[in-house]
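The residues making up each chain are set out below.
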Amino acid sequence: MRKIALALSAVCLLVGLNHSVMAKESVPAPLNPGVTVAQLAQQVPVHWVSVAQIENSLLGRAPMAVGFDIDDTVLFSSPGFYRGQKEYSPGKQDYLKNSEFWEKMNNGWDEFSMPKEVAKSLITMHLKRGDSVYFVTGRSQTKTETVTKTLQNDFLIPEPNVNPVIFAGDKEGQNTKTQWLKDKKIKIFYGDSDNDITAAQEVGARGIRILRASNSSYQPLPKAGSFGEEVIVNSEY
C-alpha cells in the first residue's frame with residue numbers, strides 16, 4: 001500500500017513540474033526593453049525658442065529684411081517630390097537634376113504642399129513688424145513659376161509686400177544661398193537644413209532652425225542645434 005502511495009506522489013510531482021515548465025514557456029517575451037525615468041529625463045542641450053520669444057527679442061528694432069527657405073521650412077512639399085521621384089527616377093535621386101520635374105514642381109505641384117503652422121505665425125509676426133520677407137530656395141530656376149503666388153495665398157501676404165521667390169539653385173560644393181542673403185541684407189534666416197544655418201552664419205545673419213517633419217521625403221533628418229543656432233519648438237508642422 002505504501003508503495004502505491006509513493007508511486008502516486010511521484011506521478012503528481014512530475015505532473016506539477018510539467019505544468020510549471022509549460023506555464024513558464026507560455027509567458028510571452030517582453031516586446032521591448034523598457035525605459036528608466038533617468039532615460040526619459042535625458043535632454044539634448046539645444047537652444048529652444050518660441051515664436052513669441054523671437055518676437056520679443058525684436059522689440060524696439062527697426063524693420064529689417066528676413067528670409068525663409070521653402071521646402072520643409074514654410075511648406076511641407078514632400079508630396080510633389082515623392083511624385084517626382086516615382087515619375088522620373090523611381091528609387092533614385094536623379095529626378096532632382098531633371099528639368100522637367102522642376103518645371104512641374106515650380107508650376108503647380110505646390111498646390112499639393114501644406115503650409116506649415118510655424119511659418120504662418122512667423123510670417124504674420126514679421127509682416128506686422130514691417131519687415132521685408134524674402135523666400136530663398138535651393139530649387140532649380142525655371143522659365144516660369146507659380147511658387148510666389150502660392151506662398152502669397154498660403155500666408156496671406158499683401159500684394160505690396162510680395163517679393164518674387166529667389167531660386168538660388170543647389171550646386172554641389174557651393175552654397176549659393178549665401179550670396180543672396182548678403183545681397184538682400186537679410187538679418188534673420190529661417191531654414192530646416194544645415195546649409196540654411198551655415199549660409200546665415202557666414203553672412204553674419206541670425207540663423208534660426210525650423211524642424212523638418214520626420215515623414216519628409218528629404219532624408220536623413222538633420223541634427224537641429226548642431227551649430228549652436230536657435231531651434232523653434234514644435235516647428236515640425
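Residues numbered from 1 in each chain as written. Predicted model: local features only at pLDDT ≥ 70, side-chain atom pairs only at ≥ 80, totals over all residues. Heavy atoms only, no water.

**Topic: the pairing of strand 5 (residues 132–137)**
Working step 1: Across the six residues that make up strand 5, a large majority, five, are buried.
Working step 2: The pairing of strand 5 with strand 6 (residues 166–167) spans two bridges and is parallel. Bridged to valine 136 within strand 6 is isoleucine 166.
Working step 3: Regarding the hand of the β-α-β motif, the stretch spanning strand 5, helix 7 (residues 147–154) and strand 6 is right-handed. (Buried < 20%, exposed > 50% of the residue type's maximum accessible area, 1.4 Å probe, protein only. Helix = DSSP H or I, 4+ residues; strand = E, 2+ residues; numbered from the N terminus. Pairing = 2+ DSSP bridges. Right-handed = clockwise from strand over helix to strand, strands pointing away.)

**Considering the sheet that holds strand 8 (residues 206–209)**
Working step 1: The strand order across the open sheet formed by seven strands is 1-9-8-7-2-5-6, and the pairing between neighbours is parallel. Two strands lie at the open edges of the sheet, namely strand 1 (47–49) and strand 6, each paired on one side alone.
Working step 2: Sheet topology places strand 2 (residues 65–68) next to strand 7 (residues 186–191); four bridges connect them, and they run parallel. When the sheet's bridge partners are listed, phenylalanine 68 is paired in strand 7 with tyrosine 190.
Working step 3: Most of the contacts of helix 9 (residues 194–202) go to strand 8, to which it runs at about 165°, and overall it touches strand 7 and strand 8. (Contact = heavy atoms within 4.5 Å. Axes fitted to C-alpha atoms, helices over the stretch in contact; angles between N-to-C directions.)

**A word on helix 7**
Working step 1: All of the buried residues in helix 7 are Val147, Thr148, Thr150, Leu151 and Gln152.
Working step 2: Its buried side turned inward, helix 7 meets strand 3 (75–76), strand 5 and strand 6.
Working step 3: Backbone geometry just after helix 7 places leucine 156 at a positive phi near 50°.

**What about helix 9?**
Side chains three or four residues apart in an α-helix point the same way, a direct result of the helix having 3.6 residues per turn.
Working step 1: All of the buried residues along helix 9 are Asp196, Ile197, Ala199 and Ala200. For helix 9, the buried positions fall inside an angular range of 160° around the axis, keeping them on one side.
Working step 2: On its buried side, helix 9 packs onto helix 8 (177–183), strand 7 and strand 8.
Working step 3: Residue glycine 204 follows helix 9 closely and has a positive phi angle near 80°. (Arc of directions from axis to C-beta.)

**So, unusual backbone geometry**
Excluding glycine, a negative phi dihedral is what most residues carry, and trans is how most peptide bonds are arranged.
Working step 1: Here the bond from glutamine 219 into proline 220 is cis, since omega is 0°, no more than 30 degrees from zero.
Working step 2: Of note, proline 220 is situated in the loop between strand 8 and strand 9 (230–232).
Working step 3: One non-glycine residue, leucine 156, lies in positive phi territory at about 50°.
Working step 4: By the secondary structure assignment, leucine 156 is in the loop between helix 7 and strand 6.
Working step 5: Even without being glycine, asparagine 234 reaches a positive phi, approximately 50°.
Working step 6: Within the fold, asparagine 234 resides in the segment after strand 9.

**Overview of empty space enclosed by the protein**
Working step 1: Throughout the structure, instances matching the rule amount to one cavity of 30 Å³ or more.
Working step 2: In this structure, the largest cavity spans a volume of roughly 60 Å³.
Working step 3: Contributing to the lining of the largest cavity are Val133, Phe135, Thr148, Leu151, Gln152, Ile157, Asn161, Val162 and Asn163.
Working step 4: Of all elements in the fold, only strand 5 and helix 7 reach the threshold of two or more residues within the lining of the largest cavity.
Working step 5: Of all the elements, helix 7 adds the most residues to the lining of the largest cavity, at three residues.
Working step 6: Considered class by class, the residues forming the lining of the largest cavity number five nonpolar, four polar and no charged. (1 Å grid on protein atoms, 1.4 Å probe; cavity = no way out; pocket = protein on both sides within 12 Å on 5 of 7 lines; lining within 4 Å. Points joined across faces, edges and corners; volume = space filled by probe spheres on them. Nonpolar A, V, L, I, M, F, W, Y, C, P; charged D, E, K, R; others polar.)

**Some words on the side chain of lysine 177**
Working step 1: Within the element layout of this structure, lysine 177 appears in helix 8.
Working step 2: For lysine 177, a relative accessible area of 7% gives the class buried.
Working step 3: Side-chain polar atoms of lysine 177 contact the side chain of aspartate 69, separated by 2.9 Å.
Working step 4: Every residue in contact with lysine 177, bar those within four places of it in the chain, is listed here: Asp69, Val136, Thr137, Gly138, Ala168, Phe189, Asp196 and Ala199. (Polar contact = N/O pair within 3.5 Å; in protein donor to acceptor, adjacent residues only side chain to side chain.)

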